[in-house]
Amino acid sequence: MKDLSPRFERWLCHPRFFNGVLLLALALAASTITLAFYSDDYILLCYLAELIPGSPPWYDLYNFFSGDPHRTQASIDLTGLPWWTDPELRLHLVRPLASALFTLENAVFGRAPLGYHLVSIALYVALVAAAGRLFLRVLPGATAALALLIFAVSASHMQSAGWIACQHLLLAALSVVLGLLAYLRYREEGWRPGRYLGPLGLGIGLLGGEAALGGAAYWIAYQLAGPVPPGRAAGWRARAAAALPVLGLLVYFAAYKAAGGGAAHTGGYVDPLASPLRFVATAAERLPVLLGNAIVTVPADFSTALPKGPFVVIGLAATAGAALLYRACLPAIPERERAALRWLVPGALLAFVTCLGGFPGSRLLLLPNLGIAPLLAVLIVRGLRRGPSHGLASWPRRAGAGFLGVVHVALAPPMFLLATVSSADIARKLEDVARTAEIGEPPHKRVFIAASSDPMASMYPQAIIALESPDAISCWAMLSMTKASHHLTRTGESSFTLAPIGQTMLTGAFESLYRAPEAPLQPRYEIRQCGATIRVAEVKDGKPTRLEIDLGAPLEDPGLVLLAWRDGKLRRVAPPAVGQTIELPWSPGPIGLF
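Nothing here was measured: the structure is a model prediction, and the numbers come from that model.

Novice: How would you explain the pairing of strand E5 (residues 473–478) if you had to name every residue and give the values?
Specialist: Burial analysis of E5 places five of its six residues in the buried class, which makes it a mostly covered element. Sheet analysis places strand E4 (residues 445–451) next to E5, joined by five bridges and oriented parallel. The residue of E5 that forms the bridge with phenylalanine 448 is alanine 477. Each parallel crossover has a hand, and for E4 linked through helix H20 (residues 461–468) to E5 it is right-handed.

Novice: Describe the side chain of arginine 90, listing the residues and the values that go with them.
Specialist: Relative to the elements of secondary structure, arginine 90 occurs in strand E2 (residues 90–92). No salt bridge is formed by the buried arginine 90; the nearest opposite charge belongs to aspartate 271, separated by 4.6 Å. With residues near it in sequence (within four places) discarded, arginine 90 still touches Phe65, Ser66, Gly67, Lys257, Gly260, Gly261, Gly262, Ala263, Ala264 and Thr266.

Novice: A description of the sheet that holds strand E1 (residues 63–66) should follow, citing residues and the corresponding values.
Specialist: The strand order across the open sheet built from three strands is E1-E2-E3, with neighbouring strands paired in antiparallel fashion. The sheet is open, and its two edges are formed by E1 and strand E3 (262–264), each paired on a single side. Here the average twist between neighbouring strands, direction ignored, is 25 degrees. Relative to E2, E1 runs antiparallel, the two sharing three bridges. Note that in E2 the partner of serine 66 across the bridge is arginine 90.

Novice: Can you explain the nonpolar core? Please cite residues and give values.
Specialist: Phe135 and Trp343 are the most contacted members of the largest nonpolar core, which has 191 residues in total. Here this core takes twelve residues from helix H6 (residues 113–138), the largest share from any one element. Not counting residues within four places of it along the chain, the set of residues in contact with phenylalanine 135 comprises Ala144, Ala147, Leu148, Phe151, Leu370, Ala373 and Pro374.

Novice: Explain the state of the cysteines to me, using residue names and the numbers behind them.
Specialist: All told, the structure shown has one disulfide when counted by the stated rule. Free of any disulfide, cysteine 13 has its nearest neighbouring cysteine sulfur in cysteine 329, separated by 18 Å. Of the cysteine sulfurs around cysteine 166, a residue in no disulfide, the closest is that of cysteine 355, at 13 Å. The exposure class assigned to cysteine 166 is buried, which follows from its relative accessible area of 4%.

What counts and what doesn't
- Residues numbered from 1 in each chain as written.
- Predicted model: local features only at pLDDT ≥ 70, side-chain atom pairs only at ≥ 80, totals over all residues.
- Heavy atoms only, no water.
- Buried < 20%, exposed > 50% of the residue type's maximum accessible area, 1.4 Å probe, protein only.
- Helix = DSSP H or I, 4+ residues; strand = E, 2+ residues; numbered from the N terminus.
- Pairing = 2+ DSSP bridges.
- Right-handed = clockwise from strand over helix to strand, strands pointing away.
- Lys, Arg positive; Asp, Glu negative; His and termini not counted.
- Salt bridge = Lys/Arg side-chain N within 4 Å of Asp/Glu carboxyl O.
- Contact = heavy atoms within 4.5 Å.
- Axes fitted to C-alpha atoms, helices over the stretch in contact; angles between N-to-C directions.
- Core = buried A, V, L, I, M, F, W, Y, C linked by side-chain atoms within 4.5 Å.
- Disulfide = S-S within 2.5 Å.

Below, the structure written as structure tokens:
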């Protein structure tokens, strides 16, 4: 540390630095109050109000799709599930503690989002404090302080801190970090309560959500590669024996499966236990994307709407760059930091693996960052040192460390706020989409969305409408979420064809959420939804290119509404004459990428 500027060292080691970081985390988290309710929050509110047929019980709110073909078909008939939904679709995330917390918040705060956000803010600040205590225990003061700052202001934590439906991440992370702290104290100081509080923290975290498996990853890594306290055996057999309590996770997996948990027949989520080969293939793509987000803050969320190739390349390059920088810094890294990174970095990599089956996004980085933040702090502190460098010239090493410092310290708070502003803007646009949709009178309309690729203008508006005007619609059907202009050709009084121009259907991230790519649709596939008959007329490589739709009533019937996304609103489509074709031009939705 003597080669760092004295001012920088004093700043990091100032007695009030820890509290200052907590205040900064509080300020950043408080900014997310502007999100109010957002996307899946409305689905959970509808479940509690039993506005959706077959709503799950209060203790199991994240049971989105049960995998029961009969229940799925009933949901397709009456609710907003897309017609292409696989009848065996299962997305059941067993999160009883998170479900109970949301239910309690709903009972106390109703539909006023402020109270929910205050709970999230408190959980996030507590998590930052717990992470800080962990860093101070395993790293020297200045490096621990920088790791805490990097963790607290990471823009990838914005959704965890501000998206109410993501409270399961905070519950899981806080519990396992507190448990890990207690267990480290037991291992290193002989504090006997930690022997029991450690597993208890992990168990409570798993009740919060499966993200707590990332905490178990650090536990395993510490047992296998962490420092051995004086007086304890250091061999591999002793380390493996110390890790045996983690085998209790087998009980968790068994209970999870017994409760019907897991994912199947979806392209968005991959269950490693049910589809191991597909999980490996998915992980090979998603891991570099998430590493790129963690190391150089390229948002993984964009990979769901843009070609994934550049994100994979950036992630691989960032990982290679970090490895080279670590090698260049290695002679200057003291043994205490090396010892900490020997288990924190493998723990982070294992934590990445535990979340690769989830829908891609920066929110998945909350627990992996527990190991990535110390690595970045070491690279910045040691990389900025003057003096000879082994393997790399001094200036590239200092430039690399300076780049990481700018990205993760100087730019991180503005990026956190920018992500908050962007998400709040999307949330307000979602509300506006629901409230300005051209549905009109009379009530109990059958609503058909002919073309709208953005989930904020197709999937979620119906939930807001159901909460605010329960009698406005009787059913909601999404005909196409394809990111393309469409041709609509009227073929009869009540029928028409719908075809994306120059593209097949079911290629987008949110389209494949309801049907896995390996489950192709065949020509003449037919299904009933919302009183209409939807038939696949043409396919290419198992994906529809043209639909035949009969609404069961003249298109001019006042009891039905045909909408399409146009010029920032869900607007009515004026039915053409029989035999005529109109074009429904594509335009970006509230998110701006779909």
